[in-house]
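Examination of the molecular architecture
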2 protein chains.
Amino acid sequence: MKKRIFVTLKPGVLDPQGRAVHHALDGMGFDGVNDVRIGRLIELDVADTVTDEALGEMCEKLLANTVIENYRIEGSE
Amino acid sequence: MKKRIFVTLKPGVLDPQGRAVHHALDGMGFDGVNDVRIGRLIELDVADTVTDEALGEMCEKLLANTVIENYRIEGSE
């Protein structure tokens with residue numbers, strides 16, 4: 001079973017990586033870019049027995065820094 | 001207008017980061033995890049005038065290393 005976890009910085013948390021990409025895009029002449037935020041996409045191949053609660057626990061303990069990051073679990077297509 | 005770009009390693013490309021996470025999950029006692037692949041989620045806030053072609057060009061030139069990575073553009077909800 002494929003699951004996807006999106007880990008993104010919480011609103012208001014400074015994103016230096018996103019800012020650097022934004023700056024580079026501007027420098028390359030790409031207009032119309034207002035903001036860039038970089039997050040992580042974690043694709044898991046797990047047994048059917050693995051519950052969303054277990055996935056949540058994986059996020060809380062390892063995959064996301066819940067002080068500054070949000071995570072969202074999605075079954076992938 | 002919000003757009004999301006998913007950048008993932010091409011199948012067959014070794015993912016040391018994913019392997020390290022997988023190893024850590026095993027070590028923490030999480031059973032049933034068969035594979036872990038880590039990618040990037042790039043959230044862009046762009047003007048309505050920015051086309052998917054322009055976004056594709058941003059990916060080709062900066063956001064993705066198309067030798068080893070695939071990218072997919074999605075309008076975010």
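Please refer to the structure higher up on the page.
The following refers to the structure shown.

Rules of the game
Residues numbered from 1 in each chain as written. Chains lettered and ligands numbered in written order. Predicted model: local features only at pLDDT ≥ 70, side-chain atom pairs only at ≥ 80, totals over all residues. Heavy atoms only, no water. Helix = DSSP H or I, 4+ residues; strand = E, 2+ residues; numbered from the N terminus. Rg over C-alpha atoms; globule rule 2.2 N^0.38 Å. Buried < 20%, exposed > 50% of the residue type's maximum accessible area, 1.4 Å probe, protein only. Least-squares fit on C-alpha atoms with pLDDT ≥ 70 in both. Contact = heavy atoms within 4.5 Å. Buried area = accessible area lost by both parts, 1.4 Å probe. Salt bridge = Lys/Arg side-chain N within 4 Å of Asp/Glu carboxyl O. Polar contact = N/O pair within 3.5 Å; in protein donor to acceptor, adjacent residues only side chain to side chain. Nonpolar A, V, L, I, M, F, W, Y, C, P; charged D, E, K, R; others polar. Pairing = 2+ DSSP bridges.

**Brief notes about the overall build of chain A**
Within chain A, the regular secondary structure consists of two helices and three strands. Helices (α) and strands (β) of chain A occur, in sequence order from the N terminus, as β-α-β-α-β. For 77 residues, the compact-globule estimate of 2.2 N^0.38 gives 11 Å, and the C-alpha radius of gyration of chain A, at 16 Å, exceeds that figure by more than 25%. On the principal axes, the C-alpha backbone points of chain A span a range of 50 × 30 × 15 Å.

**Overview of the environment of Lys 2 of chain B**
Relative to the helices and strands, Lys 2 of chain B is located in strand β1 (residues 2–9). We classify Lys 2 of chain B as exposed; its relative accessible area is 53%.

**Comments concerning the relation of the copies chain B and chain A**
For the pair chain B and chain A, the best superposition has an RMSD of 0.0 Å and corresponds to a rotation of 180 degrees with a translation of 0.0 Å parallel to the axis. Such a combination of rotation and displacement between the chain copies is what one expects of a two-fold axis. It is Arg 40 of chain B whose C-alpha, among those of chain B, lies nearest the rotation axis, at 2.3 Å. A share of 100% of the interface residues of chain B reappears at the interface of chain A, consistent with the copies meeting face to face through the same patch.

**Quick look at the interface of chain B and chain A**
In this assembly, 34 residues from chain B lie in contact with 34 residues from chain A. Summing both sides of the interface, chain B and chain A together bury roughly 2800 Å²; the carbon and sulfur share of this comes to 67%. On the chain B side of the interface with chain A, the three residues burying the most area are Phe 30, Leu 41 and Leu 62 of chain B, jointly 18% of the side's total. Our count for the chain B to chain A interface comes out at zero salt bridges. Summed over the shared surface of chain B and chain A, the result is 10 residue pairs in polar contact (both at pLDDT 80 or more). For the side of chain B that touches chain A, the elements supplying multiple residues, two or more each, are β1, α1 (16–27), β2 (33–46) and α2 (52–63) of chain B. When residues of the side of chain B that touches chain A are assigned to their parent elements, the largest contribution, 14 residues, is made by β2 of chain B. Along the lines of polarity and charge, the residues of the side of chain B that touches chain A split into 19 nonpolar, four polar and 11 charged. Pairing of strand β2 (residues 33–46) of chain A with β2 of chain B involves 13 bridges; the strand directions are antiparallel. Within β2 of chain B, the residue paired with Val 33 of chain A across the bridge is Val 46 of chain B.

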